[in-house]
Amino acid sequence: MNVLFLCTGNSCRSILAEAIFNHVAPEGWRAWSAGSQPTGFVHPLSLELLALEGISTAGCSSKSWDHLPVIPDMVITVCASAAGETCPAYLGPVVRTHWGVDDPAKATGTAEQIQAAFATTYHILRRRIETFLDLPLIELQQNPAQLKTELDRIGAMR
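Computed from a predicted model, the values in this text were never measured in an experiment. (Residues numbered from 1 in each chain as written. Predicted model: local features only at pLDDT ≥ 70, side-chain atom pairs only at ≥ 80, totals over all residues. Heavy atoms only, no water.)

## Regarding the pattern of salt bridges
Taken as a whole and assessed by the stated rule, the structure comprises five salt bridges. Residue aspartate 152 is joined to lysine 148 by a salt bridge in which the shortest nitrogen-to-oxygen separation is 2.9 Å. Of this pair, aspartate 152 and lysine 148 both sit in helix α5 (residues 144-155), four residues apart, which is roughly one turn of the helix. Exposure remark for lysine 148: the relative accessible area of 33% places this residue in the partly exposed category. (Salt bridge = Lys/Arg side-chain N within 4 Å of Asp/Glu carboxyl O. Helix = DSSP H or I, 4+ residues; strand = E, 2+ residues; numbered from the N terminus. Buried < 20%, exposed > 50% of the residue type's maximum accessible area, 1.4 Å probe, protein only.)

Here it is, written out as structure tokens:
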């Protein structure tokens, strides 16, 4: 099963989600990340936080959804539509859900406040990914409507 975490710039949230997912996912599950308008770089605080958490950053790069090595089975958008961001719409025939998270790259304040914004984003995504992976995934793969319902429920978690 291939999961695509998608946002506009592919520099923070989707990168964090990809790395977390690949760190905790069972064998046979793989995450990718991409952006509809990639920035071309991964935010250094994303890489720093992942390293601090003991998660590999090998292969993390800001890339377009036009250059994915696989066709995803599932797409999870992570932009914060409540903050007025427009989430890209992946047009393939896949299960889709939205797990909106504020963009830590837009955080302002002291260095500690900005790092705290990255940590908050990380912890929200990690909790959602772990909750997702605790689902009866083999069973849900046979029922896309129920899988979507569960994914939407998880996306509402903080």
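## Let's talk about the sheet that holds strand β4 (residues 95-98)
Pairing in this open sheet of four strands is parallel, and the strands run β2-β1-β3-β4 from one edge to the other. The open sheet is flanked by β2 (30-35) and β4, the only strands paired with a single partner. Across the sheet, the mean angle from the axis of one strand to that of its neighbour is 20 degrees, orientation sign disregarded. Sheet topology places strand β1 (residues 2-7) next to strand β3 (residues 74-77); four bridges connect them, and they run parallel. (Pairing = 2+ DSSP bridges. Axes fitted to C-alpha atoms, helices over the stretch in contact; angles between N-to-C directions.)

## Side note on the environment of leucine 52
The residue leucine 52 is located in helix α2 (residues 44-52) in this model. In this structure leucine 52 comes out as exposed when scored by relative accessible area, which is 71%. C-alpha separation for the pair leucine 52 and proline 104, spaced 52 residues apart in sequence, amounts to 17 Å.

## Observations regarding unusual backbone geometry
The backbone phi angle of asparagine 10 is positive, close to 50 degrees, even though this residue is not glycine. Mapped onto the elements, asparagine 10 comes out in the loop between β1 and α1 (13-24). With a relative accessible area of 0%, asparagine 10 lands in the buried category.

The quantities given are spatial measurements derived from coordinates; they are silent on function.
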